[in-house]
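A structural walkthrough
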Amino acid sequence: MTGANGFKVNAFRRAARASEGESNDLAAWAREDRGRLQTIDGIGLSTANHIVELVTLGRIPDLDTLRGQVPSGLPELLTLQGLGPKTVKVLWESAGITSLEELDSAIDAGRLAEIPRLGPKSIANLRLAVKARIASGNAPRRYRLGEAVPQAESLLARLRLAKGTIRAQFAGSARRGRETVGDLDLLVASTDPGAAQTAFVTLPGVARVLAGGETRASVQLENGLQVDLRVVEDQAFGAALLYFTGSKDHNVRLRERAISRGMRLNEYGLFVEAEPGGEPPSVPVSAHTEEEIYRALELPFWPPELRESSALDSFDTTPSLVELSDIKAELHAHTTASDGELTIDELAQLAKSRGFHTIAVTDHSRASAQANGLSVERLLRHIGMIREAEARVGGIRILAGSEVDILADGRLDYDDETLARLDIVVASPHTALRQDPEAATRRLVAAIRHPLVHILGHPTGRIIQGRDGLSPDMAKLYEAARESSTAFEVNSHWMRLDLRDVHVHGAVAAGCLVAIDCDIHSAADADNLRYGVATARRGHLTAASCVNAWPSATLHAWLASKH
DNA sequence: GCCGTTTTCGGCCCGACTGTTTTCAGTCG
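We now turn to the structure provided with this report. These numbers were taken from a predicted model, which means no experiment stands behind them.

Some thoughts on the protein's contact with DNA strand B
Around DNA strand B lies a shell of 49 residues, among which G44, T87, G119, R255 and R264 are the nearest. Interatomic distance of 3.3 Å between a backbone N/O atom of K121 and a phosphate oxygen of DNA strand B. A distance of 3.2 Å separates a phosphate oxygen of DNA strand B from a polar atom in the backbone of R216. Residue contributions to the surface near DNA strand B peak at five residues, all from helix α13 (residues 248-260). Tallied by class, residues from the surface near DNA strand B come to 17 nonpolar, 17 polar and 15 charged.

As structure tokens, this is what we get:
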């Protein structure tokens, strides 16, 4: 809007995304070792200096200057569908519009009619967007992974019934496993694109068709979620999947790499660039699968969960990330004894049906009174019932455990003598989740270093779009966990995903163990495992460092080592 | 502003769709 070089704008965007996905403590670097900031791909001298300013001054003077050049209500206009910087600048300079309210009244008064390139249809669309924004009162929301993925799958199930559909899959940030997504991206391979389009725009729950062409279409569902569809020929499915999965930065890097090798990459395939004056080849070097395209670009295959990164030279070979099918144990589950819905036997049967060799019964401790936490006496009786259930059910190890509260000062909710009777101890913070970072660090380090604790459950206590939770010094937690062989939990519930992806990466880099658990309260919770695995994969976790993926003997030897 | 297995200067991904235009600008993903 200020007429700045668009490449410069993009450079700042890239730097922002790069720092967002960074697992190292950039504030500490800014204070102690500012040169290291420039080792991050996309951050140069200028941005590094801005980060130092932000950390030391609490503000970035250049940003304040820029803000002073633009009315404060203008940036919000950019978030309206169909309105970009060029049009906002024109609205501002030729119609004096500086806020949503002013735009609204200008439309109502017909004052936009004389603006070049703004015809009646554009104004009608703008009017719709403005009225919707004023009615809802806030910018487009993001949807949590566990809300979006089931929605995507139910839409795909219907698209698969359309005439000519060969395959259908979701892509975008949902496939990359981001904790929240802004929209859904669906990809269909079909011999009858028209049928796919028709099926798409008439899906149940579609409130408005935003765009519809021969190969792509966008709709908005009644709940506000935008869904984009791309229809391709089956032979180009891999190229389209690569394109539609993103991230945008990753795609840009792949395309640049193609250019440097005399090729061109788009959603139809990887092509050899035409000789000057020659016909461009119509048959791609590769297009059918993502794997082929990475190979043709002389790159290892990048799992979707790692495609946030734009640095293509991070690995020489494909990292063997943990997979859903590797998980053979659930180590955090509740029964009717505290706040769960399942009995011990039902829980064990559920775990057996998933092919697990071990299930841990970890009901709440006494401090979690609201969750019917167990007194010492009840816990001791519960242990006896777990032993009986293991003998009765057969074919699976049923561990007697506890999800013991970490009290605000770092002490645990049961004494050591009681904890020592358990096969597994998951220690979790449930209260005092707003304590300052220093207190939180002391508290969590104490729990991690407790000799009877195996797993630190949902370490920060955050709820996505709900509460921030604790903000401990993660480097100190990693160090304590590595030294004491205590695992960090990735809680698979889509409202938690705690540890979060960048912290998993930090823990993995520090050599820590990680557990991926569902914190089962009802049978449906077991289906959240995919989200926990996706989060772990985003953090580069391998099966070797994931305790739930270990063979039974290895897992039980580790558990027994803490006694 | 960032970056370099040709480059420290001169580039910076690529295509679809819409609405406005008689050939294309703006926006989006």
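Having seen the structure, we can now continue with the description.
Some remarks on the pattern of salt bridges
Counted according to the given criterion, the structure contains 32 salt bridges. For R133, the salt bridge goes to E76, with nearest N and O atoms at 4.0 Å. In this pair, R133 sits in helix α8 (residues 120-136) while E76 sits in helix α5 (residues 74-77), placing the two residues 57 residues apart along the sequence. Its relative accessible area of 8% is what places R133 among the buried residues. Measuring nitrogen to oxygen at the nearest pair gives 3.1 Å for the salt bridge that ties E308 to R538. In this pair, E308 sits in the loop between α14 (290-296) and β10 (329-330) while R538 sits in helix α21 (residues 529-538), placing the two residues 230 residues apart along the sequence. Taking the relative accessible area as the measure of exposure, E308 reaches 26% and is therefore partly exposed. Residue class for R538 comes out buried when judged on its relative accessible area of 12%. Where salt bridges share partners, they join R176, R178, E308, D501 and R538 into one cluster.

Let's talk about the sheet that holds strand β14 (residues 455-456)
Strand order in the open sheet formed by seven strands is β10-β11-β12-β13-β14-β15-β16, with parallel pairing between adjacent strands. Each having just a single partner strand, β10 and β16 (513-517) make up the two edges of the open sheet. Pairing between strand β13 (residues 424-428) and β14: two bridges, direction parallel. Within β14, the residue paired with A427 across the bridge is L456. Helix α15 (residues 344-353) contacts β11 (358-364) and β12 (397-405) of the sheet and is inclined by roughly 140° relative to β11.

Calculation notes
- Residues numbered from 1 in each chain as written.
- Chains lettered and ligands numbered in written order.
- Predicted model: local features only at pLDDT ≥ 70, side-chain atom pairs only at ≥ 80, totals over all residues.
- Heavy atoms only, no water.
- Near = heavy atom within 4 Å.
- Polar contact = N/O pair within 3.5 Å; in protein donor to acceptor, adjacent residues only side chain to side chain.
- Helix = DSSP H or I, 4+ residues; strand = E, 2+ residues; numbered from the N terminus.
- Nonpolar A, V, L, I, M, F, W, Y, C, P; charged D, E, K, R; others polar.
- Salt bridge = Lys/Arg side-chain N within 4 Å of Asp/Glu carboxyl O.
- Buried < 20%, exposed > 50% of the residue type's maximum accessible area, 1.4 Å probe, protein only.
- Pairing = 2+ DSSP bridges.
- Contact = heavy atoms within 4.5 Å.
- Axes fitted to C-alpha atoms, helices over the stretch in contact; angles between N-to-C directions.

Honestly, that's just the spatial picture; any functional story needs more than this.
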